[in-house]
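The residues making up each chain are set out below.
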Amino acid sequence: QLQASGGGLVQAGGSLRLSCAASGRTFSNYAMGWFRQAPGKEREFVAGISRSGGSTYYADSVRGRFTISRDNAKNTVHLQMNSLKPEDTAVYYCAANRVYTDYAPTSAYGMDSWGKGTLVTVSS
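Please read all numbers here as calculations on a predicted model, not as lab measurements.

Draft legend 1. View of the state of the cysteines. In the structure shown here, the tally under the stated rule is one disulfide. In this model, Cys20 is linked to Cys94 through a disulfide, with the two sulfur atoms separated by 2.1 Å. An S-S torsion of about 60° defines the bridge between Cys20 and Cys94 as right-handed. Of the two residues, Cys20 is situated in strand S3 (residues 16–22) and Cys94 in strand S9 (residues 90–98); the sequence distance between them amounts to 74 residues. An identical accessibility class is assigned to Cys20 and Cys94; each is buried.

Here you go:
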């Protein structure tokens, strides 16, 4: 089970930190990803992190502004979002992919567990 939290309302240029807590699994066996879905748009990939945390990958739209990290001892993955823009407004979801190699996800392919989302609203 995955549970995302940390969303809220923030002004453009501000920051938020999202967290995703995992339970009922060996967290370090899973690559993790963050995704988002804006109103009227399809879900899109935001960031991915390998099972060890040693590799990360970002969508072009967030690279340099967002940072994904994980704490395997606490079964959590985070998304630090800086320099937020109104176009970052969306419901953000975390997802997990059971993997056997240490690679960072670059899409939703293989994601087999999804958490409920958390809403991020960035005002202009």
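Draft legend 2. Up close: the packing of aromatic side chains. Under the definition given, this model contains three aromatic pairs. Taking the centre distance of 6.1 Å and the plane angle of 40° together, the rings of Phe45 and Tyr57 count as tilted. Pair noted here: Phe45 is in strand S5 (residues 44–49) and Tyr57 is in strand S6 (residues 56–58), with a separation of twelve residues, a long-range link. Look at Phe45 and you get buried, because its relative accessible area is 13%. Classification of Tyr57 by relative accessible area gives partly exposed; the value is 37%. Members of the aromatic cluster, each reached through a chain of ring pairs, are Phe35, Phe45, Tyr57 and Trp114. The side chain of Arg63 reaches across the aromatic face of Tyr57, ending 5.5 Å from its centre. Across from the ring centre of Phe27, 4.3 Å away, lies the NZ or CZ of Arg70, which sits over that ring.

Draft legend 3. Just the pairing of strand S11 (residues 118–123), in detail. Burial along S11 is one-sided: Thr118, Val120 and Val122 are buried, and none of Leu119, Thr121 and Ser123, which face the opposite way, are. Where strand S2 (residues 8–11) and S11 come together, four bridges link them in parallel fashion. Its bridge partner lying in S11, Val10 is registered against Val122.

Draft legend 4. Spotlight on the environment of Arg43. Relative to the helices and strands, Arg43 is located in the loop between strand S4 (30–37) and S5. A residue is classified by how much of its surface remains accessible, and Arg43, at 43% relative accessible area, is partly exposed. Separated by 13 residues in the primary sequence, Arg43 and Tyr30 place their C-alpha atoms 21 Å from one another. Non-local contacts of Arg43, meaning those with residues more than four positions away in its chain, are made with Phe35, Arg36, Gln37, Ala108 and Trp114.

Draft legend 5. Seen up close, the side chain of Asn97. Looking at the element boundaries, Asn97 is found in strand S9. Polar contacts involving the side chain of Asn97 include one to the side chain of Tyr103, which spans 3.0 Å.

Draft legend 6. Fine view of the sheet that holds strand S1 (residues 2–5). Strand order in the open sheet made by the four strands is S1-S3-S8-S7, with antiparallel pairing throughout. Bordering the open sheet on either side are S1 and strand S7 (66–71), each of which pairs with just one other strand. Each adjacent strand pair in this sheet contributes to an overall mean axis angle of 15°, direction not counted.

Definitions and limits used
- Numbers given to residues run from 1 along each chain, matching the order in which its sequence is written.
- With pLDDT at 70 or above as the cut-off, local features in this predicted model cover only qualifying residues; side-chain atom pairs require 80 or more to be listed or tallied, and sums for whole chains, interfaces and linings still use all residues.
- Side-chain descriptors were evaluated using all non-hydrogen atoms of the structure, hydrogens and water having been removed beforehand.
- The criterion for a disulfide is a pair of cysteine sulfur atoms lying within 2.5 Å.
- The numbering of helices and of strands both runs from the N terminus, where a helix is a DSSP run of H or I of at least 4 residues and a strand a run of E of at least 2.
- For every residue, the accessible area obtained with a 1.4 Å probe (protein chains only) is divided by the maximum for its type, and the residue is called buried under 20%, exposed over 50%, and partly exposed between those limits.
- Any pair of Phe, Tyr and Trp rings, taking the six-membered ring for Trp, is counted once the centres come within 6.5 Å. Such a pair is stacked with planes under 30 degrees apart, edge-to-face with planes over 60 apart, and tilted for the rest.
- Look at NZ for Lys and CZ for Arg. If either is within 6 Å of the ring centre and within 35 degrees of the ring normal, a charge sits over the ring.
- We call two strands paired when DSSP finds no fewer than two bridges between them.
- Any two residues having at least one pair of non-hydrogen atoms within 4.5 Å are treated as being in contact.
- Distance and chemistry together define a polar contact, namely a pair of N or O atoms within 3.5 Å, with one atom able to donate a hydrogen and the other to accept it when in protein, and with adjacent residues in sequence counting only for side-chain atoms on both sides.
- Axis angles are defined between N-to-C directions and span 0 to 180 degrees, where every axis is a line fitted to C-alpha atoms and, for a helix, only to the segment in contact.

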